[in-house]
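An overview of the molecular structure
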Amino acid sequence: MNVRRKILVTAMVLAGGLTLGACSTFSLGNAWRAPDFAGPPMKNVLVLGVSNSDASRRIFEDGMSQALKAAGVGATHAYATLPEGGRIADEKIKAAVAQTKADSVLITRLLRVDQKAEVTQPVVAGGYYRAGFYGWYGSAWGGMPASVSTYNVLTLETTLWDTRKESLIWSATTEAIQPSDIAKATQDMAKVLIERMKKDGVI
């Protein structure tokens, strides 16, 4: 499988949904830098998000591109030249890379969604009736059943590809409780990723 095909395969896994979809502090998981990457750092990044929702994709690409520019890196949101939804043909992506003169493509995909549960177990007090009404009333609250709340934790993978050599030069995973504000979530994730990419010398 050639590298361009790998880029498309990575992108298409996102077709299940780039679900950057109220709290969203992203933490960095594993990060990898190609050992044979000798630079120079990427200076013009094409940001590509793949989602069943065109609106979500555009919000993500806008946010990530703006964050890269603020960090001094040239960046273009892919939807400007690749507005169609669904799977995008290899040749169209190749044309977009040439049109934007991108030296790299940044792709983020949803790797998995894990459902977590948080159980709050109340303190059960004894001697309800001997304590009188007020003692009983307070103890009654202590005897309430445990409360259970569930939430989704997203794990995303971000990869950076050198378009000149068509090779993967950097990848990382990030994790957060599923957010509802996509724009804010993108800002949070971009901050974490860009800081690490700068440290690793790939941008």
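Relevant structure appears above.
Quantities reported herein were computed from a predicted structural model and do not represent experimental measurements.

Conventions adopted
Residues numbered from 1 in each chain as written. Predicted model: local features only at pLDDT ≥ 70, side-chain atom pairs only at ≥ 80, totals over all residues. Heavy atoms only, no water. Pairing = 2+ DSSP bridges. Helix = DSSP H or I, 4+ residues; strand = E, 2+ residues; numbered from the N terminus. Axes fitted to C-alpha atoms, helices over the stretch in contact; angles between N-to-C directions. Contact = heavy atoms within 4.5 Å. Salt bridge = Lys/Arg side-chain N within 4 Å of Asp/Glu carboxyl O. Buried < 20%, exposed > 50% of the residue type's maximum accessible area, 1.4 Å probe, protein only. Expected span 1.5 Å × (residues − 1). Polar contact = N/O pair within 3.5 Å; in protein donor to acceptor, adjacent residues only side chain to side chain.

1. Observations regarding the sheet that holds strand E2 (residues 44–49)
Ordered by their spatial adjacency, six strands build an open sheet running E1-E6-E5-E4-E2-E3, and the pairing between neighbours is mixed. On the outer flanks of this sheet lie strand E1 (27–33) and strand E3 (74–77), each paired with one strand and no other. Averaged over all pairs of adjacent strands, the angle between strand axes in this sheet comes to 25 degrees, irrespective of strand direction. Relative to E2, helix H2 (residues 54–70) is tilted by about 160 degrees, and along the sheet it contacts E2, E3 and strand E4 (104–120).

2. Examining the pattern of salt bridges
Taken as a whole and assessed by the stated rule, the structure comprises seven salt bridges. Across the pair Asp 114 and Arg 112 runs a salt bridge, and its minimum N-O distance is 3.1 Å. Exposure remark for Arg 112: the relative accessible area of 42% places this residue in the partly exposed category. Here Lys 184 ties to Asp 188 by a salt bridge, and the two come within 2.9 Å at their closest N and O atoms. With Lys 184 and Asp 188 both in helix H5 (residues 182–200), this residue pair falls four residues apart, about one helical turn.

3. Re H2
With 17 residues, H2 extends 24 Å between its outermost C-alpha atoms, agreeing within 8% with the 24 Å of an ideal straight helix rising 1.5 Å per residue. Those residues of H2 that sit buried are Ser 56, Arg 57, Phe 60, Glu 61, Gly 63, Met 64, Ser 65 and Leu 68. Buried-residue contacts for H2 involve E2, E3, E4 and H5. Positioned one or two residues after H2, Gly 72 has a phi angle of 90 degrees, which is positive.

4. Some points on the side chain of Thr 108
Structurally, Thr 108 is set in strand E4. Within the local environment of Thr 108, its side chain forms a polar contact with the side chain of Thr 158, the two groups lying 2.9 Å apart.

5. Side note on the pairing of strand E6 (residues 167–177)
As paired strands, E1 and E6 are joined by five bridges and run antiparallel to one another. Directly across from Leu 28, in E6, lies its bridge partner Thr 174. One ladder, built from 10 bridges, connects strand E5 (residues 147–162) with E6; its direction is antiparallel. The residue bridging Val 153 from the neighbouring strand is Ile 177, located in E6. Counting the residues between successive antiparallel strands, the hairpin from E5 to E6 contains four residues, one of them, Glu 166, with a positive phi of roughly 55 degrees.

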